[in-house]
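# Overview (structure and organization)
What follows is each chain in one-letter form.
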Amino acid sequence: MNSTWQGLVGNLAIVGLTISIWAHLSHSVRNTWPEFERVAFGLTVGMGAIASMILGIEIVPGVHMDLRGSLLLVAGLFGGPISASIAVATAAIYRIGIGGAGVELGVFAIVVAALIGTIAHALLRHRAPTLKHVVVCAAVAAAIGATVFGMGARAGSVEPMRTVGLQVVVVNFLATLVCGLLLIRLRQAEMERTILRAAFSQAPEFFYVKDRDGRFVIANENGTTRSPTPPNLSV
C-alpha cells in the first residue's frame, strides 16, 4: 500500500514538473518560434507522459498504471489537435516499446484521454478553458481511469485492480485539476504581460529603463521619438 502511494505521489510530482517546465519554456518559444508553440507543448507533455510511465505502478505483469492520462487530456484541451497528436505519438511509441500484456489497453487509454481533451477544445471554439472546463475534464479523466481498471480487472488479477484502482482514479482527478489550474494561470500571466507591454509601448508619456551604468535598456515608442537612443534599444 505504501509503495502504491509513493508511486502515485511520484507521478503527481512528474505531472507538476512537466507543466512547470512548459511554463518556463512557453514564453521563449512564443517569442522565438510562435508557429511551433503547439508542437513544443505536445512534445513537452509527451515526454512528461513517458516520465509518468517510467514511475508507473505495475499492478500485474504487463499492466502499468500512472497519471499519463491527465497530461494527455490537457494537451488536447489547451493545445488542440496538433499538441494532442504529438503527445499521443510520443507516449504511444514508448508504451508500445515497453510491451507487456496491457499494451493495447495502455495505448487505448492514451488515445481516448487525448481525444476527449481535443473534443473539449473544439467545443470551446477558440475560447480559453476556465476552471469549470478543467473540473469537467478532471471528472472525465477519473471516469476513463475507472473504465480502464474495469477492463483490466477482467483481463488479469481482479483484487490488485480493485485495491489500486480507486487510488489511481482519485489522484488522476487531482493531477488533471492541477495541470489545468497551472495552465490557466500561465495563460493569465501571459495575457497580463501582453497588456502591460502594450500599455508601456503606446503610452503618451516618456517611459524608459536604464541599467546601473546609466545606459538605456528599454523605452516606449514615444520615448524613442523624443530622445536619442541607441539603435539597438528594445521598445
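Rules used throughout
Residues numbered from 1 in each chain as written. Predicted model: local features only at pLDDT ≥ 70, side-chain atom pairs only at ≥ 80, totals over all residues. Heavy atoms only, no water. Helix = DSSP H or I, 4+ residues; strand = E, 2+ residues; numbered from the N terminus. Expected span 1.5 Å × (residues − 1). Bend = angle between axes of the 7 residues up to and from the residue. Core = buried A, V, L, I, M, F, W, Y, C linked by side-chain atoms within 4.5 Å. Buried < 20%, exposed > 50% of the residue type's maximum accessible area, 1.4 Å probe, protein only. Contact = heavy atoms within 4.5 Å. pLDDT = per-residue confidence, 0-100. Phe/Tyr/Trp six-rings, centres within 6.5 Å; stacked < 30°, edge-to-face > 60°. Salt bridge = Lys/Arg side-chain N within 4 Å of Asp/Glu carboxyl O.

Over its 31 residues, helix H3 (residues 68-98) extends only 15 Å from the first C-alpha to the last, a length that falls short of the 45 Å expected when each residue adds 1.5 Å. Of all the bends in H3, the greatest reaches close to 145° and is centred on glycine 80; the proline proline 81 follows between one and four positions later. Just downstream of H3, glycine 99 is the residue with a positive phi angle, here 65°.

Now for the nonpolar core. Side chains that are nonpolar tend, in soluble globular proteins, to be buried together. Counting 44 residues, the largest nonpolar core has Leu72, Phe78 and Leu183 as the members making the most contacts within it. Listed by contribution, the elements that provide at least two residues to this core are helix H1 (2-32), helix H2 (37-54), strand E1 (57-60), strand E2 (63-65), H3, helix H4 (103-124), helix H5 (131-155) and helix H6 (158-202). The dominant element in this core, judged by the number of residues it contributes, is H3, at 11 residues. Beyond its immediate stretch of four places on either side in the chain, phenylalanine 78 contacts Arg38, Phe41, His121, Pro129, Val134, Gly180, Leu183, Ile184 and Arg187.

Tracing the chain through its elements places valine 140 in helix H5. On the basis of relative accessible area, valine 140 is assigned to the partly exposed category, the value being 24%.

This part is about the confidence of the model for the protein chain. Put simply, the protein chain has an average pLDDT of 82, and 84% of its residues get 70 or more. Ranking the helices and strands of the protein chain by mean pLDDT puts H2 first, with 95, and helix H7 (residues 221-226) last, with 63. Every residue in residues 230-235 scores below 50 in pLDDT, and together they form 16 contacts with partners more than four places removed in sequence or on other chains.

Now for the packing of aromatic side chains. How two aromatic rings sit relative to each other is set out by the distance from centre to centre and by the angle between their planes. For the coordinates displayed, the defined rule picks out 1 aromatic pair. Aromatic pair tryptophan 22 and phenylalanine 41: ring centres 5.2 Å apart, planes at 45°, arrangement tilted. Of this pair, tryptophan 22 sits in helix H1 while phenylalanine 41 sits in helix H2; the two residues are 19 residues apart in sequence, bridging distant segments of the chain. Of the two residues, tryptophan 22 and phenylalanine 41, neither departs from the other in class, the shared state being buried.

Time to look at the pattern of salt bridges. Enumeration over the complete set of coordinates arrives at 5 salt bridges. Of the charged contacts in the structure, one is a salt bridge between arginine 68 and aspartate 66, with a shortest N-O distance of 2.6 Å. Assessed through its relative accessible area of 7%, arginine 68 is described here as buried. What makes aspartate 66 buried here is its relative accessible area of 7%.

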